[in-house]
Amino acid sequence: MSMDRRQFLKIAGISSILGFGATAVSSAKSPVFETLAPPQVEPGKDALIAKRWAMVVDMSKFKTEEDIKKVVDACHHTHNVPDFRNPDGTADTKFEIKWIWKEPYERAFPGAENTYMGEHLKDMPFVVLCNHCENPPCVRVCPTKATFKLTNGITMQDMHRCIGCRFCMAACPYGSRSFNWVDPRKTLKPEFENKDYPTRTKGVVEKCTFCSERLQAGKIPACVEAAPKGAMFFGDIEDQNSEVRKIVTTQLTIRRRPELGTGPAVYYIIGGSEHA
Amino acid sequence: MLEKAFEGGKSYWAWIFFLCALIVVGFYYYLQQFSIGLGLTGMHRDVSWGLYIGQFTFLVGVAASAVMLVIPYYLHDFKKFGKIVILGEFLAISAVLMCMLFIMADMGQPMRFMNILLHPTPNSVMFWDFLVLAGYLVINALVGWVTLGADKKGSPPPKWIKFFIILSIPWAVSIHTVTAFLYAGLPGRHFWLSAIMAARFLASAFAGGPALLIILSLIVRKVSKFDPGKEPIQAVGRIVGYAMFANVFFLALEFFTAFYSGIPGHASGFKYLYVGLEGHSELVPLMWTSSIFAAVSLLMLIFPAIRKKEGLLALACVMLFISLWIDKGFGLIIGGFVPNPFEEVHTYWPTMPESVITVGVWAIGFLVLSMLYKIAISVREQTAGIEIEH
Amino acid sequence: MKLYDGGKIIVGLAVFLAFALFPFYNNIGKVNAKPEPKTDTPVIQEWEKQYGKKECVESKEFMRMEHMQLLNNWRDSVVRETYRQYVSTSNGKKFNMSLQTGCMNCHSNKKKFCDECHNYMAVVPYCWDCHIQPKEKEENKS
C-alpha cells in the first residue's frame, strides 16, 4: 500500500501514544503501586498513638534565651536541619530553613499588638512552628499529596514525593515552611549529623512533622523533651484525660490567626500555668 | 505544511538563529540552576514564587486571549476575523508552551513532575491547572492545524472541528480562572484573597493578548505579503480598549476595598508596591510605570482619532503590554508575599541567571510562534484572493 | 537502484550508529567483573551466631529482584501510614522498615554490598541524596 509522509507521521504518532499509554497502564498494576497493609506491617512496638496530636506552650516557663535555644537545637539537630549563616553569624534569611524558632509577640501574633503596649511585651519571645492545622490550606493545595494529614492529626511532609512547586509555602498563613534552595548538606558537619535520620536534598519543602518518626518509636517530640519543665506539653487532645486537653479546657489559650479557620493544634497559654 | 517553517529568506533565518542563540544561553543557565538548585534565583523563604511563576501567570492570560478572536468569528459570524483567527490560535499554542516551560523551570524537583499525574489530587487547584493547560494546548494545536490545512486546500474544514472550536471558548476562560484560583483561595495572603481575582485576570488577559496580536499583525504585514487587514486590526483594537477599561476599573475596585476598609492586611501589599513599606520601595518606580502606561494606553485606545492611526495604536499596544506584564508578571506575585505572615518586609529581585533563563523561555516561545506564523503566512499568501469559508 | 539523497542518508546512519553503539565501544577494554556482594558485616555475623544462618528481610532471590519496590512500599508505609515493622513472609521475623537504620544496620558495607551490583549495572539510586550513607573505614564520605 502506498501512503504519503503525512499519513505515515500520523500513524507513527498515534502508535507511539498508544504504545506509551499501554505501558503506563500496565505498569500501574506493578508492585510499585501496591501499599502494604496489616498484618504484613505493624506500628512500632512502643508507638505512641493518638486521635489528634496537639501541643500546648507556656512561654512563661522559658526563663532564658538558652531555654529557647535548647528547644530549637534539639529539633534541628535531631532532624539534620541545615544551618545557613551569613559571614557575620546572623541567619541567612535567603536560604534559612527552620522547623521551630523564636518570634517576638508582635510577629507571632501580628495585629494583636497595640500602640500603647510596652516594647518589652511586643518583644516577648514565642516559640513558633507548624501548627498542624485541622483544616490546613497547605494540604488543600498540594498537587501530589506530598503534604497530607495523618490519621493522628499530624500534617505530615513526604519529602520523597515533593516536586518543589512551593504552592504549600504560598498557602501557609504562618510561614512555617522552608524550601531547600540549595543542597542542605553543605552546612551540615558530619560530626553533628544525626545518623538515624536522613537529610533532605535540594528542591523539596520541609517543616516540623511533630516528630512522627519519634512517636513511632515511643518518644515524645524532641522540642518537648528539651523544653524546661512545664514549658511544652504534647498529647492527644481528643483524649479527655490528656494534659493538653485539661489545660485547653481550663485555661485561657490562644492560637495564631484563628480567624482563618485553619484550626491550629498549637495552643499558647495566656498568663502562665500552674502545671509543672 | 510543516515544511513551510523551514523555507525562508535571510532575515527569517537570521531571526531564527538569534532566537536559538538566546535559547542556548538560557539553557546553559538552566543547567546551572538544575545542578545548584533554585538558590540561583532571587527567591527566598518569604518570597517563594518570583519571576518564573509571574511569567507563567501572565502568559496564561495571553494564551486565553485567542478566545477574543474565536468568539466574534465563530459565534457571531464576524467575517472580518476570518484571516487572523489562526494568528490568535497559534499565539495561544506558543503561550501555553511557555507557561509549561516556566512551571518546569520553577520546580524544585522537575524530574518528579509525573507525580502530579501519578497521584492526582482533585482538591488541588494546581492539579487542575496542569490538566486544563495541557488540554488547551491540544485543542489549539488541533484546531489551528486542521483549519489552516483546510484553508490551504481551499475547502471548508471538516465538520467535527466545530466541536473543538466551540470547546476552546469555555476552555480559554477556564484556564485563566483556574490560574486565578491558585491565588484567590489562599487564606493567608490578603493581597490575593479577592473574589474578583479571576475577573481581573480575564480582563487583563483580554486586553494584553489581543494587544500583542495587534503588534504581531503589524509586524506580519511588514515582513510578508499577508496583510491581516486594517479593519480587523481596528476591531481588535476596540476589544483591547474595552478589556483594558475593565482591567483598570477592577484594579480601582481592589484599591477601594483595600483602603476604605482600613484593614492593614488588605492594604499593606498595595502600600509596598506603590509607595513602599517600612523603608522598602524597590518596586515603586516599576509599579508607577505600569500604572501610567496603563492610563495613557487606555486613553489612546478610547479616542478613535488616536486609535485609527495605526502607528499610535501600535504604541498604545506596546505600552499596554508592558504595563500588564509588569502588573501581572511581577507586581502581583511579589505583592502577595510582601509583607510576609509575620508582617516583615523581605524584598525580592530576580538574579541574572534567573532573568537569562526567563529570556531563554521567551525565546523558545517566540521560536515556536515564528515558525507557526511562517506556516500560516505562507498558506495565506498562497490562498490570497480566495474566499475563506469556515 | 539509485539511492536518492544518498549522501545525507549515509551520514545520518553513521551518526545514528555512533550514538547507538556508544555504550559498547566506550566500554571496550574496561574490566567488568561479575558483582560479588559481601554479606560478612559484624551485625550479620552476630545474626548468624544467633539464628544459625544469614537471613534477610526476604529471600535473596526476592530481594535481588524486588528490593527497589520493597523500599518504595516501605517508604509509603512508614511516612504515610506510620507503620514501622515489617513481618517477613519468608521467615516471619519482624524488621524495622528503614533504609538508613534497618537495611544499612546489617549491610553497613555499602561499597562491598550495594555498590557492587549498582556499579556493575550503572545504576545510581538517588536515595543517598537524602539518606545518610553508613560511615565506612576507607574513605571520608560527605
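Heads up: the structure comes first, above all this text.
As the structure is a prediction and not an experimental result, all values here were calculated from the model.

Right, let's get into the overall build of chain B. Within chain B one finds 14 helices and zero strands. Tracing chain B from N to C terminus, the helices and strands come up as α-α-α-α-α-α-α-α-α-α-α-α-α-α. Scaling as 2.2 N^0.38, a compact globule of 390 residues should have a C-alpha radius of gyration of about 21 Å, and chain B matches this with 21 Å. Taking the contacts inside chain B whose residues are at least 6 apart along the sequence as the reference set, 77% of them involve residues at least 24 apart. As displayed, chain B offers around 15500 Å² of accessible surface, 74% of which is attributable to carbon and sulfur atoms.

All names here are of chain A. Each pocket or cavity is described by its volume, and for the second largest pocket that value is around 1000 Å³. Around the second largest pocket, the lining comprises 35 residues; the ones closest to its centre are Val72, His76, Asp83, Arg85 and Ala91. Elements represented by at least two residues in the lining of the second largest pocket include exactly α2 (65–78) and β3 (100–104). Broken down by element, the lining of the second largest pocket gets its largest block of residues, eight residues, from α2. When the residues that make up the lining of the second largest pocket are grouped by side-chain class, the tally is twelve nonpolar, eight polar and 15 charged.

Glancing now at unusual backbone geometry. In this chain, Pro38(A) is followed by Pro39(A) through a cis amide linkage whose omega measures 5°. Tracing the backbone through its elements, the reader meets Pro39(A) in the loop between α1 (5–27) and β1 (41–42). Each neighbour pair has its own omega, and for Val338(B) with Pro339(B) the value is -5°, a cis peptide bond. Inspection of the secondary structure puts Pro339(B) in the loop between α13 (310–337) and α14 (352–382). Its identity as a non-glycine residue notwithstanding, Thr82(C) has a phi of 60°, on the positive side. Note that Thr82(C) resides in the loop between α4 (60–81) and β1 (85–87).

Interfaces are often sized by the amount of accessible area the parts lose when they come together. Across the boundary between the two partners, chain C contributes 30 residues, which contact 37 residues of chain A. For the chain C and chain A pair, buried surface summed over both sides reaches about 2900 Å², with 53% attributable to carbon and sulfur atoms. Run the count over chain C and chain A and you get two salt bridges. Measuring nitrogen to oxygen at the nearest pair gives 3.2 Å for the salt bridge that ties Lys94(C) to Glu42(A). Where the side of chain C that touches chain A is concerned, the elements lending two or more residues are α4, β1 and α5 (99–106) of chain C. The greatest single-element share of the side of chain C that touches chain A, amounting to eleven residues, is contributed by α4(C). For the side of chain C that touches chain A, the residue count by class is ten nonpolar, eleven polar and nine charged. In terms of strand pairing, β1(A) meets β1(C) through two bridges, oriented antiparallel. Pairing of Glu42(A) across the sheet is with Gln85(C), part of β1(C).

The sheet built from three strands is open, its strands ordered β1(A)-β1(C)-β2(C) with antiparallel pairing. The open sheet is flanked by β1 of chain A together with β2 (94–96) of chain C, the only strands paired with a single partner.

To continue, consider the pattern of salt bridges. The final tally for this structure, using the stated rule, is 25 salt bridges over all chains. Taking the shortest distance from any N to any O, the salt bridge between Lys195(A) and Glu193(A) comes out at 3.4 Å. Among the residues examined, Lys195(A) registers a relative accessible area of 34% and is labelled partly exposed. Between Glu310(B) and Arg221(B) there is a salt bridge; the shortest N-O distance is 2.6 Å. Within this pair, whereas Glu310(B) is found in helix α13, its partner Arg221(B) is found in helix α8 (residues 197–223), the two being separated by 89 residues in sequence. Residue classification places Glu310(B) among the buried residues on the basis of a relative accessible area of 16%.

Moving on, we get to the packing of helix α2 (residues 51–64) of chain B against α8(B). Residues and elements named next belong to chain B. Running from N to C, α2 and α8 cross one another at 70°; their axes reach a closest spacing of 7 Å. When the axes of α2 and α8 are compared, the pair comes out roughly perpendicular. The two elements α2 and α8 meet at a crossing, and its hand is right-handed. Judged by residue contacts, Thr57, Gly61, Val62 and Ala64 of α2 engage Phe201, Ala205, Phe206, Gly209 and Leu212 from α8.

Turning to a nonpolar patch on the surface, a few remarks are in order. All names here are of chain C. A surface patch of nonpolar side chains, amounting to about 1200 Å² of accessible area, comprises Leu3, Ile9, Ile10, Leu13, Phe16, Leu17, Leu21, Phe22, Phe24, Tyr25 and Ile28. Among the secondary structure elements, those contributing two or more residues to the nonpolar patch are α1 (6–20) and α2 (22–26). In terms of residue count, α1 provides more of the nonpolar patch than any other element does, five residues in total. Residue placement: Leu21 occurs in the loop between α1 and α2. A relative accessible area of 41% means that Leu21 is categorised as partly exposed.

Once that is clear, we can look at the pairing of strand β4 (residues 125–129) of chain A. Residue and element names in this part refer to chain A. Of all five residues that make up β4, four are buried, and the element is covered over most of its length. Summarising the sheet, β3 and β4 pair through five bridges and their orientation is antiparallel. In the strand pairing of β4, Trp101 is matched with Val128.

Okay, the pairing of strand β9 (residues 232–236) of chain A next. Residue and element names in this part refer to chain A. Summarising burial for β9: five of the five residues are buried, a large majority. Judged from the five bridges that link them, strand β2 (residues 53–57) and β9 form a sheet pairing that is antiparallel. Looking across to β9, one finds that Val56 is bridged to Phe233.

Another aspect to go through is the interface of chain A and chain B. Contacts between the two partners involve 52 residues from chain A and, on the opposite side, 45 residues from chain B. Approximately 4000 Å² of surface area, both sides summed, lies buried where chain A meets chain B, with 54% of it carried by carbon and sulfur atoms. For chain A, the biggest contributors to the area lost against chain B are Ile163(A), Phe167(A) and Trp181(A); these three give 17% of the whole. For the pair chain A and chain B, the interface holds two salt bridges. Ionic pairing is found between Asp106(B) and Arg166(A), a salt bridge with its closest N-O pair at 2.6 Å. Counting the contacts that link chain A with chain B gives 31 residue pairs in polar contact (both at pLDDT 80 or more).

Criteria and thresholds
- Residues numbered from 1 in each chain as written.
- Chains lettered and ligands numbered in written order.
- Predicted model: local features only at pLDDT ≥ 70, side-chain atom pairs only at ≥ 80, totals over all residues.
- Heavy atoms only, no water.
- Helix = DSSP H or I, 4+ residues; strand = E, 2+ residues; numbered from the N terminus.
- Rg over C-alpha atoms; globule rule 2.2 N^0.38 Å.
- Contact = heavy atoms within 4.5 Å.
- Areas by Shrake-Rupley, 256 points an atom, 1.4 Å probe, with all protein chains shown as cover.
- 1 Å grid on protein atoms, 1.4 Å probe; cavity = no way out; pocket = protein on both sides within 12 Å on 5 of 7 lines; lining within 4 Å.
- Points joined across faces, edges and corners; volume = space filled by probe spheres on them.
- Nonpolar A, V, L, I, M, F, W, Y, C, P; charged D, E, K, R; others polar.
- Buried area = accessible area lost by both parts, 1.4 Å probe.
- Salt bridge = Lys/Arg side-chain N within 4 Å of Asp/Glu carboxyl O.
- Pairing = 2+ DSSP bridges.
- Buried < 20%, exposed > 50% of the residue type's maximum accessible area, 1.4 Å probe, protein only.
- Axes fitted to C-alpha atoms, helices over the stretch in contact; angles between N-to-C directions.
- Parallel < 35°, antiparallel > 145°, perpendicular 65-115°, else oblique.
- Left-handed = near helix turned anticlockwise from the far one by under 90°.
- Patch = residues over 30% accessible without salt bridge, like charges linked within 9 Å, V, L, I, M, F, W, Y side chains within 5 Å.
- Polar contact = N/O pair within 3.5 Å; in protein donor to acceptor, adjacent residues only side chain to side chain.

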